[in-house]
Amino acid sequence: DVKVTQSSRYLVKRTGEKVFLECVQDMDHENMFWYRQDPGLGLRLIYFSYDVKMKEKGDIPEGYSVSREKKERFSLILESASTNQTSMYLCATQDSTGVRGYTFGSGTRLTVV
Amino acid sequence: RKEVEQDPGPFNVPEGATVAFNCTYSNSASQSFFWYRQDCRKEPKLLMSVYSSGNEDGRFTAQLNRASQYISLLIRDSKLSDSATYLCVVTPDSWGKLQFGSGTQVVVTP
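Residues numbered from 1 in each chain as written. Chains lettered and ligands numbered in written order. Predicted model: local features only at pLDDT ≥ 70, side-chain atom pairs only at ≥ 80, totals over all residues. Heavy atoms only, no water.

Regarding the overall build of chain B
Okay, step 1: Helix and strand counts for chain B stand at zero helices and 11 strands.
Okay, step 2: Ordered by position from N to C terminus, the α and β elements of chain B give β-β-β-β-β-β-β-β-β-β-β.
Okay, step 3: Taken over the C-alpha trace, chain B has a radius of gyration of 13 Å; the compact-globule value for 110 residues is 13 Å, and the two agree within 12%.
Okay, step 4: A burial count over chain B gives 45% of its 110 residues as buried.
Okay, step 5: Long-range contacts, defined as pairs at least 24 residues apart, comprise 57% of the intrachain contacts of chain B with a sequence gap of at least 6.
Okay, step 6: Summing over all exposed atoms, chain B offers an accessible surface of approximately 5,400 Å²; the carbon and sulfur share of this is 48%.
Okay, step 7: Separation between the mean location of the 11 positive side-chain charges and that of the 11 negative ones in chain B comes to 3 Å. (Helix = DSSP H or I, 4+ residues; strand = E, 2+ residues; numbered from the N terminus. Rg over C-alpha atoms; globule rule 2.2 N^0.38 Å. Buried < 20%, exposed > 50% of the residue type's maximum accessible area, 1.4 Å probe, protein only. Contact = heavy atoms within 4.5 Å. Areas by Shrake-Rupley, 256 points an atom, 1.4 Å probe, with all protein chains shown as cover. Lys, Arg positive; Asp, Glu negative; His and termini not counted. Charge placed at Lys NZ, Arg CZ, Asp CG, Glu CD.)

Structural data, given as structure tokens:
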């Protein structure tokens, strides 16, 4: 089974801090995604990547950036954390066929105070 | 209009009963369809893919109706452990990005 590991389960950060959320997968999947999930809004795509060094904006990229220097690692960066970025962040991977479902990491619940 | 729409529920189901619910999608070119299950404060996990001919996995049956653009999930002989939110998921094109419904909550009661 694909294992997708997110570095922190719970995180509390202060407004204005730069925040790094790490996601590492061990199955050589090309496609990686970052979502946030909020009550009533469902999962919303922030950024995704289909290859090393490649990144594409999702539906809500504002206030975020990403880095994919190695195939197995996809990092989400909050440049200057704000309270409206308090959310559950989920990383997902998918093989290159693009027709299979995702495997999700266990999520990072970020609180910005 | 949302691209993937689900009744949020909750569907309150007595243990042992059958529950069914649908999901509609707006893009007629959608290619792949899935049901995911999400427990409270956990990540979504793939429950089953949905095939054109319909498919069954134990007590779970999924159907796809391309003409009317909906998929359905039926749970037979509901167990307490089936209590969760069920997410309808659609691949709108060949590029792999999935679109998620907001989920249908199912609560199975003793």
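So much for the structure itself; the text now carries on.
Some remarks on the pattern of salt bridges
Okay, step 1: In total, this model carries 11 salt bridges over all chains according to the counting rule given.
Okay, step 2: For Glu 79 of chain A, the salt bridge identified is with Lys 18 of chain A, shortest N-O distance 3.7 Å. Residue Glu 79 of chain A is located in the loop between strand S8 (73-78) and strand S9 (87-94), and its partner Lys 18 of chain A is located in the loop between strand S2 (10-13) and strand S3 (19-25); the two are separated by 61 residues in the primary sequence.
Okay, step 3: Two residues, Glu 56 of chain B and Arg 76 of chain B, come together in a salt bridge whose shortest N-O distance is 3.5 Å. Of this pair, Glu 56 of chain B sits in strand S6 (residues 55-57) while Arg 76 of chain B is found in the loop between strand S8 (70-75) and strand S9 (84-91), placing the two residues 20 residues apart along the sequence.
Okay, step 4: Overall, the relative accessible area of 57% leaves Glu 56 of chain B in the exposed class.
Okay, step 5: Overlapping salt bridges, with partners in common, bring together Asp 28, Glu 30 and Lys 71 of chain A in one network. (Salt bridge = Lys/Arg side-chain N within 4 Å of Asp/Glu carboxyl O.)

Overview of the nonpolar core
Okay, step 1: Membership of the largest hydrophobic core comes to 22 residues, with the highest contact counts inside it found for Phe 21, Trp 35, Ile 71, Leu 73 and Tyr 86 of chain B.
Okay, step 2: Broken down by secondary-structure element, the contributors of at least two residues to this core are strand S3 (19-25), strand S4 (32-38), strand S7 (60-65), S8, S9 and strand S11 (104-109) of chain B.
Okay, step 3: Judged by nonpolar contacts, the second largest core, of 20 residues, contains Met 32, Ile 46, Ile 60 and Ala 81 of chain A. (Core = buried A, V, L, I, M, F, W, Y, C linked by side-chain atoms within 4.5 Å.)

Quick notes on the interface of chain A and chain B
Okay, step 1: Contacts between chain A and chain B engage 25 residues on the former and 18 residues on the latter.
Okay, step 2: Where chain A abuts chain B, roughly 1,600 Å² becomes buried across the two surfaces, and 54% of that area is made up of carbon and sulfur atoms.
Okay, step 3: When the buried area of chain A at its contact with chain B is split by residue, Tyr 50, Tyr 102 and Phe 104 of chain A rank highest and sum to 26% of it.
Okay, step 4: Joining chain A to chain B, the criterion identifies zero salt bridges.
Okay, step 5: Counting every contact that joins chain A to chain B gives four residue pairs in polar contact (both at pLDDT 80 or more).
Okay, step 6: Among the elements of the structure, strand S4 (31-38), strand S5 (42-49) and S9 of chain A are those that each provide at least two residues to the side of chain A that touches chain B. (Buried area = accessible area lost by both parts, 1.4 Å probe. Polar contact = N/O pair within 3.5 Å; in protein donor to acceptor, adjacent residues only side chain to side chain.)

Remarks on the sheet that holds strand S1 (residues 4-6) of chain A
All names here are of chain A.
Okay, step 1: In spatial order, the strands read S1-S3-S8-S7; together these four strands make up an open sheet with antiparallel pairing. Strand pairing shows two members of the sheet lacking a second neighbour, S1 and strand S7 (64-70), which therefore form its edges. When strand polarity is set aside, the average angle formed by the axes of neighbouring strands in this sheet is 20 degrees.
Okay, step 2: Across six bridges, S3 lies against S8 in antiparallel orientation. Its bridge partner lying in S8, Leu 21 is registered against Leu 76. (Pairing = 2+ DSSP bridges. Axes fitted to C-alpha atoms, helices over the stretch in contact; angles between N-to-C directions.)

Details of empty space enclosed by the protein
Where empty space is left can be seen by rolling a probe of water-molecule size over the atoms.
Okay, step 1: Overall, the coordinates contain one cavity of 30 Å³ or more when judged by the stated rule.
Okay, step 2: By volume, the largest cavity is sized at about 40 Å³.
Okay, step 3: Every residue along the wall of the largest cavity is listed here: Arg 9, Tyr 10, Met 88 and Arg 109 of chain A together with Arg 41 of chain B.
Okay, step 4: For the lining of the largest cavity, the class distribution of residues is two nonpolar, no polar and three charged. (1 Å grid on protein atoms, 1.4 Å probe; cavity = no way out; pocket = protein on both sides within 12 Å on 5 of 7 lines; lining within 4 Å. Points joined across faces, edges and corners; volume = space filled by probe spheres on them. Nonpolar A, V, L, I, M, F, W, Y, C, P; charged D, E, K, R; others polar.)

Quick notes on the layout of surface pockets
Okay, step 1: In this structure, the largest pocket occupies an estimated 610 Å³ of space.
Okay, step 2: Surrounding the largest pocket, 26 residues form its lining, Gln 37 and Pro 39 of chain A together with Gln 38, Arg 41 and Thr 85 of chain B being those nearest its centre.
Okay, step 3: At the level of secondary structure, the elements contributing two or more residues to the lining of the largest pocket comprise S4, S9 and strand S11 (108-112) of chain A together with S9 and S11 of chain B.
Okay, step 4: Lining the second largest pocket we find 17 residues, and of these Leu 43 and Asp 59 of chain A together with Glu 3, Gln 99 and Phe 100 of chain B sit closest to its centre.

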